Amino acid sequence: MTGQSPRSRRHSPAVYRRRRLALILGIVLIAALVWLLIAQPWRRAADAEPAANPSPSPSVTSPAPTPTATEPTETGNPGDALPEETADAPLEAVACATGAVSVEPLTDKESYAAGESPQISIRLTNTSASPCTINVGTTQQVYTVTSGGDTWWRSTDCQSEPSDMVVTLDAGQVVESATPVTWDRTRSSVDTCDGDRPQAPGGGASYHVQVSIGGITAASTKQIFLY
């Protein structure tokens, strides 16, 4: 068969489909390799980054502590002069001088009907500019009732179980005895404490009450009338 040109060989459609499928699979494999070799290392680095650079803990954002009370301030430092109220604190009270306390007799009434007994008290006033102490116990109290130059009654004539009581009087303070002393309208003496005593005349008779305490005698008496 000389003189005949050779005929080109043609493949069936199934062969072409197999070749295309093989090509697609090859491309997919190559892409998978690229992803494993290139993309995955970045992912690992991203996953490892939080461990290498941990986020700040909540304590970092807490407020700073306030200054303590021991820190110096603008108002003063240790060793400064004491405040005036401390430097000028009052000294300890001393015993009241005679001229530092005024004494005054008090009575519940000025005139008394028949059968009424006068109730006598003492008022004390610290007239000085400083506090002072004084014994206001019954050992220091003396009540006296006179008529003219005649002493009718004295509280110490028949006193029983006297006691002491020292108190402090502030400057200008005024105090009064809590329990008054009763005069039973009789004449007293140390010899008649357990016997009968003469009754003081009434009918409007005038009497004067005198008091003293701690050796300080009232500057004036209190006049009363008995009926």
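Further up the page is the structure itself.
Read on for an overview of the structure.

Rules used throughout
Residues numbered from 1 in each chain as written. Predicted model: local features only at pLDDT ≥ 70, side-chain atom pairs only at ≥ 80, totals over all residues. Heavy atoms only, no water. Helix = DSSP H or I, 4+ residues; strand = E, 2+ residues; numbered from the N terminus. Buried < 20%, exposed > 50% of the residue type's maximum accessible area, 1.4 Å probe, protein only. Areas by Shrake-Rupley, 256 points an atom, 1.4 Å probe, with all protein chains shown as cover. Patch = residues over 30% accessible without salt bridge, like charges linked within 9 Å, V, L, I, M, F, W, Y side chains within 5 Å. Salt bridge = Lys/Arg side-chain N within 4 Å of Asp/Glu carboxyl O. Lys, Arg positive; Asp, Glu negative; His and termini not counted. Charge placed at Lys NZ, Arg CZ, Asp CG, Glu CD. 1 Å grid on protein atoms, 1.4 Å probe; cavity = no way out; pocket = protein on both sides within 12 Å on 5 of 7 lines; lining within 4 Å. Points joined across faces, edges and corners; volume = space filled by probe spheres on them. Nonpolar A, V, L, I, M, F, W, Y, C, P; charged D, E, K, R; others polar. Disulfide = S-S within 2.5 Å. Pairing = 2+ DSSP bridges. Contact = heavy atoms within 4.5 Å.

## Remarks on the overall build of the protein chain
The helix and strand inventory of the protein chain stands at two helices and 13 strands. For the protein chain, with 227 residues in total, the buried portion stands at 20%. Accessible surface, the protein chain as shown: approximately 16600 Å² in total, 57% of it carbon and sulfur.

## Topic: a positive patch on the surface
On the surface, Arg17, Arg18, Arg19 and Arg20 cluster together into a positively charged patch. If you trace the backbone, arginine 19 turns up in helix H1 (residues 13-52).

## With respect to the pattern of salt bridges
Inspection of the entire model under this criterion finds five salt bridges. With a shortest N-O distance of 2.9 Å, glutamate 116 and lysine 109 are connected by a salt bridge. One continuous salt-bridge network, built from bridges that share partners, spans Glu104, Arg123 and Glu176.

## Some details on the layout of surface pockets
The computed volume of the largest pocket comes to approximately 510 Å³. Forming the walls of the largest pocket are 27 residues, and the residues nearest its centre are Thr138, Gln141, Tyr143, Thr179 and Val181. Counting only elements with at least two residues in the lining of the largest pocket, the list comes to strand E4 (119-126), strand E6 (141-147), strand E7 (150-154), strand E8 (166-169) and strand E9 (174-176). Residue composition of the lining of the largest pocket, by class: 13 nonpolar, eight polar and six charged.

## Focus on the state of the cysteines
Applying the stated criterion to the full structure yields two disulfides. A disulfide bridge connects cysteine 96 with cysteine 132, and the sulfur atoms are separated by 1.9 Å. Handedness of the cysteine 96-cysteine 132 disulfide follows from its S-S torsion of about 90°: it is right-handed. A residue pair is termed long-range when its members are at least 10 positions apart, and cysteine 96 in the loop between strand E1 (94-95) and strand E2 (101-107) and cysteine 132 in strand E5 (residues 132-135) qualify at 36 residues. The residues cysteine 96 and cysteine 132 share a single accessibility class, namely buried. Between the sulfur atoms of cysteine 158 and its disulfide partner cysteine 193 the distance amounts to 1.8 Å. The S-S bond linking cysteine 158 to cysteine 193 shows a torsion near -90°; that makes this disulfide left-handed. Remark: cysteine 193 occurs in the loop between strand E10 (181-182) and strand E11 (205-213) and cysteine 158 occurs in the loop between E7 and E8; sequence separation between them is 35 residues. Judged by its relative accessible area of 31%, cysteine 158 falls in the partly exposed class.

## Describing the pairing of E6
Direction of pairing for E6 relative to E11: antiparallel, over a ladder of six bridges. When the sheet's bridge partners are listed, threonine 144 is paired in E11 with glutamine 210. Bridging between E6 and E7 involves four bridges; their strand directions are antiparallel. Each residue of the ladder has a partner; that of serine 147, found in E7, is aspartate 150. The antiparallel hairpin formed by E6 and E7 contains two residues in its connecting segment, where glycine 148 sits at a positive phi of about 65°.

## Here we look at the sheet that holds E1
The sheet built from three strands is open, its strands ordered E1-E5-E8 with mixed pairing. With one partner strand each, in any of the chains shown, E1 and E8 form the two edges of the open sheet. Note: E1 against E5, two bridges, orientation parallel. Pairing of valine 94 across the sheet is with cysteine 132, part of E5.

## Let's talk about the environment of glycine 137
Of note, glycine 137 is situated in the loop between E5 and E6. Between the C-alpha atom of glycine 137 and that of methionine 165, which follows or precedes it by 28 residues, the distance is 4.4 Å. Not counting the four nearest positions on each side in its chain, glycine 137 is found in contact with Ser163, Asp164 and Met165.

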